[in-house]
Amino acid sequence: MGSILEMKGITKRFPGVIALKDVNLVVQAGEIHAICGENGAGKSTLMKVLSGVYPAGTYEGEIHFEGREQKFSSIADSEEQGIIIIHQELALVPLLSIAENIFLGNEQNKLGVIDREQTHRRTVELLKKVGLSESPETLITDLGVGKQQLVEIAKALSKKVKLLILDEPTASLNENDSAALLDLLVGFRAQGMTCILISHKLNEISRVADSVTVLRDGSTVQTMNCREAPICEDVIIRHMVGREMADRYPHREPDIGEVVFEVKDWTVFHEQHEDRKFIKGVNLNVRRGEIVGIAGLMGAGRTEFAMSVFGRSYGRNISGKVSLRGKEIDVGTVQKAVAHGIAYVTEDRKGYGLVLENEIKHNITLANLPGVSRLGVINEGREYEVANDYRRKINIRCAGVFQHVGNLSGGNQQKVVLSKWLFAGPEILILDEPTRGIDVGAKYEIYMLIAQLAKEGKCIILISSEMPELLGMSDRIYVMNEGAFVAEMQTAEASQEKIMRAIVTAGKD
Ligand SMILES: Nc1ncnc2c1ncn2[C@@H]1O[C@H](COP(=O)(O)OP(=O)(O)OP(=O)(O)O)[C@@H](O)[C@H]1O
Ligand SMILES: [Mg+2]
C-alpha cells in the first residue's frame, strides 16, 4: 500500500526545552499506528506539528502527506487535506447540543441561514456511525465522558477524514467504553481510514495497532511492526523507559491499625435535581496505614461521594456523619476539611487541581504554605528545594520548577497535582484516578509514594477505574454502584470477576 505520511527530521523547540529532536515517523496507509512514550516524551507536540497547531516555520523538518510536501499554516489547512486531530483535552462546549458541537464553525447553511433540518439529519447519520442513538438536541453536559469522546469522533467524521489522530482517547473511559471506541477504529480501518493512536494503555495498543512507534526524550526510538509478530507489552515498556520493569506494583507489608476515619450513612442529593438521591447511605471506614479502594463503573458516584465528603464541594441536602478517631468532625467547607487533614486529589486537574498560569513550585507548595514559610514569610529557597525534590522523585519532566504548569505535558501536570497533595501531608488522602494519563514508569514511582504514606500510618482512599491498580494497591475494596456501596472485600479475597459480579448482581434488584 505504501506510506500515507512521512515526517522527517522534525525538531521543535520551546523556550528552554527541545521537545522534539530530529524525529522521524512513517505511517502506512490504512493502518492503526500507535505512538507510545513516557510523559513529556513529545507525543502530543509531534501531533500538533503534524496538524498545523504549530505552523510551518515554527519547527524544523518536513511533512509529506500522500506523497506531497505540506507546510500547514493552521489546523484548517491540515483539515483541508483530511488530517483530523482529536486532542488530549476534549474540546466540546458543554452547554451546546450534540448537533451544535458537531457543526460548530462548519454550520450547515442554506442561503446564509443555518439549515436546522439538514444539521439534524446529518447529525443523526454521524451519530449512527459511532454507535450513538442520542437525540442531536442532547446537551453535551448530559453525556458521560465515553459518549462525549464518541461525539468528538462523529465531529471528525463530519469532515473529510483520511488520517484520524486520537491523543489518549481512552484515558478517561471505562473498559466497556474503551473497547467500543477501539472497535470503532478497527471498523474505520476496514473502510481504509488511517489512524494514529496515542495511548498509555499498552494492552489496547497490542490489541489494535498494526505498528508502534516509541518516542523517548523527544527522539524516535523505534517503530515496530505488530503484524509480523505480536508485540508484547514488556518490549514496549523497555523501549519507553530504557530499562526492564519487573513489577508494576511495589511490594508492601501493610501495618494496619485502628479505625481512624469513618463516614456514616452519607446521603447526598443532586445539585440541580433536588429529588434525585445521588449517594445513598454510604458507610466507609479506613484504618491507620490502610489503603482502601473504591471500585465501580464510571458514573457509579465515586467522585461525587468523595467530593461531597471533601468540604461538600458537590451536591446538596447532605446528611450523615464524618468522624476522625471516633470524634465527629465538621467538613462543611473545603477549608474545614483541609484543616482536619483531609485531602482530595482530583481527576480533573484543570478544574480543581492547578493554577495553570503559575509556576510548578508555587503549585506544589500551595496547599502547605506553612511547610515552606518561616514566621509567615515564604522561604523561596525552601520552596525551590521541596519542588525539586518531588520533581526528582516522580520524574516531573520540565525545564525547571520555575516553568509554568500550563506548558507541561498532560501527564506531568497530573504529577504536579499529586506532589501538591503529597506535600500537604494529609492524614486522610483521597486519590481519585491518580494515575490517569501517567506513563507506566512514573506510575510505579507514584505507587511507591502512596505505599510510603500508608507505611507512615496515613489513611488512603483510592478511587480507580483500573481494576489491576485497585487490586495491586489496596488492602480492602468497597464496590460502589448507582450511589450505594454494594460489596466490601479484603483484596486478598478479591478478583476482577468478583468485583464485576457484585456490580452486575446489584443492578438486578
Ligand atoms: N507550549 C509549550 N511551552 C513550553 N514547553 C512545552 C510546551 N508544550 C510542550 N512543552 C514541553 O515539551 C515536552 C513534550 O510535551 P508533550 O506534551 O508533547 O508530551 P507527551 O509525550 O504528549 O506527554 P503526556 O504523555 O504527558 O501527554 C515536555 O517537556 C513539555 O513540557
Ligand atoms: Mg500528551
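Treat the numbers as computed from the prediction; the structure is a model and nothing was measured. Within any chain, residue numbers begin from 1 and follow the written order of that chain's sequence. Chain A is the first chain written and ligand 1 is the first ligand written, with later ones labelled in order. Two thresholds apply to this predicted model, a pLDDT of at least 70 for residue-level local features and 80 or more for giving and counting side-chain atom pairs, whereas whole-chain, interface and lining totals are computed over all residues. Neither water nor hydrogens contribute to the side-chain values; these are computed over all heavy atoms in the structure.

1. Some remarks on the sheet that holds strand 3 (residues 32-37)
For two strands to be treated as a pair, DSSP must find no fewer than two bridges joining them. Starting at the N terminus, helices and strands are each numbered in turn, a helix being any DSSP run of H or I of at least four residues and a strand any DSSP run of E of at least two. Strand order in this open sheet of six strands is 6-9-10-3-11-12, and the pairing throughout is mixed. Across the chains shown, the open sheet's two edge strands, defined by having one partner strand only, are strand 6 (83-86) and strand 12 (219-225). Put simply, the sheet's adjacent strands are angled 15 degrees from each other on average, direction ignored. The sheet contact formed by strand 9 (residues 163-167) and strand 10 (residues 194-198) spans five bridges and is parallel. Orientation is described by lines fitted to C-alpha atoms, with helices fitted over the stretch in contact, and by angles between N-to-C directions that extend from 0 to 180 degrees.

2. Details of the site of ligand 1
We call a residue near a molecule or strand as soon as one heavy atom of that residue lies within 4 Å of the molecule or strand. In the region of ligand 1, 20 residues are neighbours, and Gly40, Lys43, Thr45, Ser409 and Gly411 sit closest. Here a polar contact means two N or O atoms within 3.5 Å. Within protein one must be a hydrogen donor candidate and the other an acceptor candidate, and residues neighboring in sequence count only if both atoms are side-chain atoms. For ligand 1, an oxygen atom lies 2.8 Å from a polar atom in the backbone of Gly40. Contact between ligand 1 and Gly42: an oxygen atom at 2.9 Å from a main-chain N or O atom of the residue. The method behind every accessible area is Shrake-Rupley, applied with a 1.4 Å probe, and residues are considered shielded solely by the protein chains displayed. Calculation on ligand 1 without its partners gives an accessible area of 640 Å², and the protein chains cover 90% of this total.

3. Observations regarding the domain arrangement of the protein
For interface size, the figure often reported is the accessible area lost on association. What fixes the domain bounds is an automatic or database domain assignment. Taken domain by domain, the protein comprises domain 1 (3-241), domain 2 (247-341 + 426-509) and domain 3 (355-425). When each unit is reduced to the centre of its C-alpha atoms, the spacing between domain 1 and domain 3 is 31 Å. Contact with domain 1, which involves eight residues of that partner, is made by nine residues of domain 3. Buried surface at the junction of domain 1 and domain 3, summed over both partners, amounts to about 580 Å²; 40% is from carbon and sulfur atoms. Definition used for salt bridges: Asp or Glu carboxyl oxygen within 4 Å of a side-chain nitrogen of Lys or Arg. Scanning the region where domain 1 abuts domain 3 turns up two salt bridges. Note on contacts: a residue pair qualifies if any of its non-hydrogen atoms lie within 4.5 Å across the two residues. Throughout, the accessible surface (probe 1.4 Å) given up by two parts as they are put together, summed over both, is called the buried area.

4. Points about unusual backbone geometry
Backbone geometry at Asp217 places phi at a positive 50 degrees, although glycine is not the residue there. By the secondary structure assignment, Asp217 is in the loop between strand 11 (211-216) and strand 12. Note on Asp217: relative accessible area 43%, which makes it partly exposed. If you check the backbone angles, Glu433 has positive phi at about 50 degrees while not being a glycine. Among the structural elements, Glu433 can be located in the loop between strand 21 (428-432) and helix 15 (440-455). Whether a residue is buried, partly exposed or exposed follows from its accessible area with a 1.4 Å probe, protein chains only, as a fraction of its type maximum: under 20%, in between, or over 50%, in that order.

5. Structural notes on the sheet that holds strand 2 (residues 17-28)
Pairing is antiparallel in the open sheet, where four strands are placed in the order 2-1-4-5. Each edge of the sheet is formed by a strand with only one pairing partner; in this case those strands are strand 2 and strand 5 (68-70). Across the sheet, the mean angle separating the axes of adjacent strands is 25 degrees when strand polarity is ignored. Of the strand pairs in this sheet, strand 4 (residues 60-65) and strand 5 are connected by three bridges, and their pairing is antiparallel. Within strand 5, the residue paired with His64 across the bridge is Glu69. Of the strands in this sheet, strand 1 (3-14), strand 2 and strand 4 are in contact with helix 1 (residues 43-50), which crosses strand 1 at around 115 degrees.

6. Some remarks on the packing of helix 5 (residues 145-157) against helix 6 (residues 175-190)
Orientation of helix 5 relative to helix 6, taken along the N-to-C sense of each, is 20 degrees, at an axis distance of 9 Å. Here helix 5 is positioned roughly parallel relative to helix 6, judged by the angle of their axes. Between helix 5 and helix 6 lies a crossing whose hand is right-handed. Residue-level contacts link Gly146, Gln149, Leu150, Ile153 and Leu157 of helix 5 to Asp177, Leu181, Leu184 and Phe188 of helix 6. In these notes the angle categories are as follows: under 35 degrees is roughly parallel, over 145 is roughly antiparallel, 65 to 115 is roughly perpendicular, and the rest is oblique. It is the rotation of the near helix from the far one that decides the hand of a crossing: anticlockwise by less than a right angle makes it left-handed, clockwise makes it right-handed.

7. Focus: the side chain of His200
Looking at where His200 falls in the secondary structure, it is placed in the loop between strand 10 and helix 7 (202-208). In this structure His200 comes out as buried when scored by relative accessible area, which is 12%. A polar atom in the side chain of His200 sits 3.3 Å from the side chain of Glu168. Not counting the four nearest positions on each side in its chain, His200 is found in contact with Gly37, Glu38, Asn39, Lys43, Glu168, Gly437, Ile438 and Asp439.

8. So, the nonpolar core
In this structure, Phe261, Trp266, Leu284, Phe305, Ile342 and Leu429 are the most contacted members of the largest nonpolar core, which totals 81 residues. No other element matches the seven residues that helix 15 contributes to this core. Sequence-distant contacts of Leu284, that is, excluding residues within four places in its chain, are made with Phe261, Glu262, Val263, Ile294, Phe305, Ile461, Tyr478 and Phe485. Here the nonpolar core consists of buried residues drawn from Ala, Val, Leu, Ile, Met, Phe, Trp, Tyr and Cys, with membership extended through side-chain atoms lying within 4.5 Å. Ile102, Leu164, Leu166 and Phe188 belong to the second-largest nonpolar core, a separate cluster that totals 32 residues.

9. Overview of the pairing of strand 4
Alignment of strand 1 against strand 4, held across five bridges, turns out to be antiparallel. Bridge pairing in strand 4 places Glu6 opposite His64. Linking strand 4 to strand 5, which pair antiparallel, is a turn of two residues; within it Glu66 sits at a positive phi near 50 degrees.

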